[in-house]
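Fold and geometry: a report
The chain contents come next:
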Amino acid sequence: MKKKITILLLFYVVVLTAQKKAYGDGEWLNFRVHYGLITAGSATIEVNNVTLDGRQVFHVKGFGETTGMTSWFFPVEDDYQSYIDKEKDIPYRFIRKIDEGGHKKDIQIDFNHNTLKATIFDKKNDTITVATFPEDAQDMVSAFYYLRNNLDVNNMKIGDEFLMNMFFDRENYKFKLKFLGREILDTEFGKVASIVFRPYVQSGRVFKEKESLTLWVSDDDNRIPLVIKADLMVGSLKATLIQFKGLKHSFKIIVD
């Protein structure tokens, strides 16, 4: 009888843990992007169940573009995709296809987590290279989805930092995220409890300094981004969540 009770308890723990996955098939997020006071563009991120090389994975697709007058003098079309293992939260394929004012890249990276080798297909320059990456490395897109599922914010203190291996283009990086605290945020949907983070970025071509990026995430089981602010070398950028559907958990709004 004791053994049966133990097995049942283990089963319930597994089920409850599985229910705490932050995202799932059908999630769709839509952001409005401002450059200073100007509405500069829009971005969407969606998650779908697909099969890749016989594996059931999440296909995360992010697309952003400039709109209106901004697209006249600086047209941008950014397409980022990641194919993520549903259980292990690791990427199998990453796609980066961008056109930013004539600066173009078209890269596909296939990750072999058995050999820790990444095969990089540079479609623009028609080259194939192979590079090594550390165990459990993430790409630019999968990193955020890994954090949504695995970062234990309940035990974090203000100023705590989280380190993670990231593979970007052809190089390995140590991605660092700092916990800044909690804040009640006024959103398109009402007041929402949020968790505030500072992802450290490379200063130079795009960002003004390493601490130029701030991220507000919903303080619920979804962990969806609500606002992203960035201080750039020229001006500032702000992306705000304006629409969503297909969330895995209820979205909590604070009622006064």
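Just above sits the structure.
Throughout what follows, the structure given in this document is the object of discussion. The residue count restarts for each chain, going from 1 along the sequence in the order it is written. Owing to the predicted nature of the model, reporting of local features is limited to residues with pLDDT of at least 70; listing and counting of side-chain atom pairs is limited to 80 or more, with chain, interface and lining totals taken over all residues. Just so you know, side-chain values use all the structure's heavy atoms and leave hydrogens and water out.

1. Some thoughts on the packing of aromatic side chains
Centre distance within 6.5 Å is the pairing criterion for rings of Phe, Tyr and Trp, where only the six-membered ring of Trp is used; planes under 30 degrees apart are then read as stacked, over 60 as edge-to-face, and the remainder as tilted. For the structure on display, the rule yields 12 aromatic pairs. Measuring from centroid to centroid gives 5.3 Å for F111 and F133, while their planes differ by 85°, and the two rings are edge-to-face. With a gap of 22 residues between them, F111 in strand 6 (residues 103–112) and F133 in the loop between strand 8 (127–132) and helix 3 (142–150) connect regions that are remote in the sequence. For the pair F244 and F251, a centre-to-centre distance of 4.8 Å together with 50° between the ring planes defines the contact as tilted. Among the residues examined, F244 registers a relative accessible area of 28% and is labelled partly exposed. Counted as over-ring charges are cases with an Arg CZ or a Lys NZ within 6 Å of the ring centre that also lie within 35 degrees of the ring normal. Across from the ring centre of Y83, 6.0 Å away, lies the NZ or CZ of R93, which sits over that ring. Above the ring of Y200, the side-chain terminus of K176 is found at 4.4 Å from the ring centroid. Secondary structure counts use DSSP, requiring at least four H or I residues in a row for a helix and at least two E residues in a row for a strand, with both numbered from the N terminus. Burial here depends on accessible area, computed with a 1.4 Å probe over protein chains only, as a share of the maximum for the residue type. Under 20% is buried, over 50% is exposed, and the range in between is partly exposed.

2. Some details on the pattern of salt bridges
Between Lys or Arg on one side and Asp or Glu on the other, a salt bridge is scored when a side-chain nitrogen of the former is within 4 Å of a carboxyl oxygen of the latter. On inspection of all chains with the given rule, the structure shows 12 salt bridges. Residue E188 pairs with R32 through a salt bridge whose shortest N-O separation is 2.7 Å. Taken together, the residues span a long stretch of sequence, with E188 in the loop between strand 10 (171–187) and strand 11 (190–199) and R32 in strand 1 (residues 28–35) at a distance of 156 residues. In this structure, D169 engages R96 in a salt bridge whose closest nitrogen and oxygen atoms are separated by 3.2 Å. Residue D169 is located in the loop between strand 9 (161–168) and strand 10, and its partner R96 is located in strand 5 (residues 91–100); the two are separated by 73 residues in the primary sequence. Each member of the pair, D169 as well as R96, carries the same accessibility label: buried. Taken together, the salt bridges that share partners define one network made up of R96, K105 and D169.

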